[in-house]
Amino acid sequence: MAQRSVRTEDKQAIRLHRYMLGVYSYSLALALLAAANALGFIHPGTAIGIALACIATNAVLYALFRSGFNLRFADPSLTKPQVYIGITLLMIGLYSVDVGRGISLGLCFFAFLFGIFRLSTRELMTVTLYTLAAYALVINLLMHWRPESIQNVQQEWFNWMLLALTLPWFSMIGGRIRDLRDRLRERKRELQDAIGTIQAMATRDEVTGLYNRAFFTESLGHALAQAQRHDRSLALLLIDVDRFKLINDSLGHAVGDEALREIGGRIAGCVRGSDLVARLGGDEFVALIESVSAPQALHEIAQKIIEAVARPLELDRRELALSVSIGVVTMPGDGSDAATLMRNADVAMYRAKAQGRNRYSFYTREMSEHADERLALELDLHRAIERGELRVLYQPKVAVADGGIRGAEALLRWQHPRLGLLAPNRFIDLAEETGAIVPIGRWVLKEACARAAAWGGPYSIAVNLSARQFSDPGLLATVEEALRASGLDAALLELEITESMVMEEPEAAAQTMHKLRALGTQLSMDDFGTGYSSLGYLKRFPLTTVKLDRSFVRDLPLDDDDVAIARAVLAMAHSLRMDVTAEGVERADQLEFLRREGCLSYQGYYCSPPVAEADLLSLLETKGSEPGREWAVEAAGR
């Protein structure tokens, strides 16, 4: 609406300027009237009357243009009225002069100039006929009322014939000029539209209509220069949509694009009109906030964006719940150049994701140190296999009834050359994010199967599958290859999965699990009870074992809630003909409770922590007897 108002004001200014050119023409006509009066060609009273008519006409026209009343007409320029008024006043003057009427007829062409660029050929021809009819009327009126002013009637009609021959040609030429002008204007408009389209393509994101990365980068450089020159601050908010890939994968990219448009609009609605919001690509947006008044204002903007995006969004007859993670940096505190600010905003944004998503995080120097360490760790992780830095430790799985070791769980460790032995919580998430978990998991599976086969005897080996491994199309081939290469009996391989892995796509998960069971392997559900337990789905999965999570074992048998949960899991497993392995057993009273409730096996420091293969083999030699308290204390101290 504001742009339309500006365009109207610009056009009015052009119309008023064009009208002022007409005023100059009338000024010339008034000068000619004064000269004609001075030379005795026209009576003073008549000259004054015509002059007053010219002034009044121009006053009325000026009032129409200045008040905007002209906009109510079909042609706001009032071209036709000006032409017809000019011709009419000229004819009144021709009727009034006594000498030089033929020469004065030349002013008809001057009056035509009012519409030469505005009227079509047909309209100019109409004006021509009006002019000829008006002058014929003037001649007849002169013959009837003022015959003394006519020196030669034939000369007057000759002048009329001269107009009749020349004005049509003048009108045709004027019409052609108008057509040429219109074509030029259309070409100019097309060129402007093309330039506008090119500019939009160069600066606007085609999905959301927001500014794109190129325009944002240029604008950021300009904003930084202005901020440094005028000693002002600015801020960047890097905004990433959480788990957006799920929308594209489940609902399609068309719905995903619509969601991005809505999200972009909501983000833009949370900042000032002078601030810049752009889509950098994918599901990543950025807001450039100039002249930051106070840090608290950034907190409010970030929280406002989070709340705006979190509002339910209905697309494709579905209601979506979306969230964003935001990294916030300020200039000059967090950097003085574009590259540094963007890098630090990215670090802060990923910290927000690591803290649980749907939140914002302000950048701190410690984040960069952590990010640098993480990057170095990522590079080292990709070379860990070829360098032989990965280690497999084994935690025994012990029968609750007699204390005999029935097998072990393979647990991955990384012998980092600089940081020492790293537990999985230091690198597994990183391996998942980067995809390194697939080759690492493949190596662990083959190593564990090979070592278990070398032990001899009916000892099972449990191997954890990551989410990426479980969804990897090559998982079945990997398991088959590991069994074939090691010679291990498939029944002795137990693959552990988590609830969260299978509950994201339960139908596909069930198909994968049935194929794994068809190979003869055992399947267990790790950390049971901590995720998305659903008995309706659980009974459809071909599980052989569920593992009672250590969080439910830790306070047994003293905590009534944990006692109830443990009994419920055991009862459910028995009814579904599944075994139960308890994790994290560290005390004799815990083990005694599990024995009374019919738990089949356990793992934990009460028997042994994860140990190297040589230590495990030593334990297997004494597998017939249950460890005593002295062993438990010793193991707990390892």
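Being a predicted model, the structure only gives us computed values, none of them experimental.

## Some remarks on the pattern of salt bridges
Should the charged atoms of two oppositely charged side chains come close, the side chains can pair. Scanning all chains against the criterion turns up 22 salt bridges. A salt bridge links K547 to E583, with the shortest nitrogen-to-oxygen separation between them at 3.4 Å. Taken together, the residues K547 in strand β14 (residues 545-548) and E583 in the loop between β15 (579-582) and α23 (588-597) connect sequence positions 36 residues apart. Just as K547 is buried, E583 falls in that class too. The shortest N-O distance in the salt bridge between R567 and E597 comes to 3.1 Å. On the criterion of sequence distance, the pair formed by R567 in helix α22 (residues 560-575) and E597 in helix α23 is long-range, its members being 30 residues apart. The exposure class of R567 is partly exposed, given its relative accessible area of 44%. Relative accessible area serves as the criterion here: at 24%, E597 is assigned to the partly exposed category. Where salt bridges share partners, they join K80, E123, R178, R181 and D182 into one cluster.

## Looking at helix α17 (residues 475-486)
The α-helix advances 3.6 residues per turn, and as a result positions three or four apart in sequence lie on the same side. With 12 residues, α17 extends 17 Å between its outermost C-alpha atoms, agreeing within 8% with the 16 Å of an ideal straight helix rising 1.5 Å per residue. Residues L475, T478, V479, A482, L483 and S486 constitute the buried set of α17. Projected onto a plane normal to the axis of α17, the buried residues spread over an arc of 130° and lie on a single side. Projecting away from the buried face of α17 at angles above 90 degrees are the exposed residues R484 and A485.

## Things to note about the packing of aromatic side chains
Summed over the entire model, instances satisfying the criterion amount to seven aromatic pairs. When the ring of F69 is compared with that of F73, the centres are 6.2 Å apart and the planes differ by 70°; the resulting orientation is edge-to-face. Residue class for F69 comes out partly exposed when judged on its relative accessible area of 36%. Arranged with centres 6.0 Å apart and planes meeting at 75°, the rings of Y360 and F362 form a pair that is edge-to-face.

Thresholds applied
Once a new chain begins, its residue numbering starts again from 1 and follows that chain's sequence as written. Totals for whole chains, interfaces and linings use every residue, but because this is a predicted model, local features are given only for residues with pLDDT of at least 70 and side-chain atom pairs only at 80 or more, for both listing and counting. Side-chain metrics rest on all non-hydrogen atoms present in the structure, leaving aside hydrogens and water. Salt bridge, as used here, is a side-chain nitrogen of Lys or Arg placed within 4 Å of a carboxyl oxygen of Asp or Glu. The helix count covers DSSP runs of H or I at least four residues long, the strand count covers runs of E at least two residues long, and both are numbered beginning at the N terminus. For the exposure calls, accessible area comes from a 1.4 Å probe over protein chains only, and a residue counts as buried if that area is under 20% of its type's maximum, exposed if over 50%, partly exposed in between. Here the expected span of a helix is defined as 1.5 Å times the quantity of residues minus one. Working definition: the arc comes from the directions between the helix axis and the C-beta atoms, pointing outward to the latter. Aromatic rings from Phe, Tyr and Trp, with only the six-membered ring used for Trp, were paired whenever their centres fell within 6.5 Å, and each pair was classed as stacked if the ring planes differed by under 30 degrees, edge-to-face if by over 60, and tilted otherwise.

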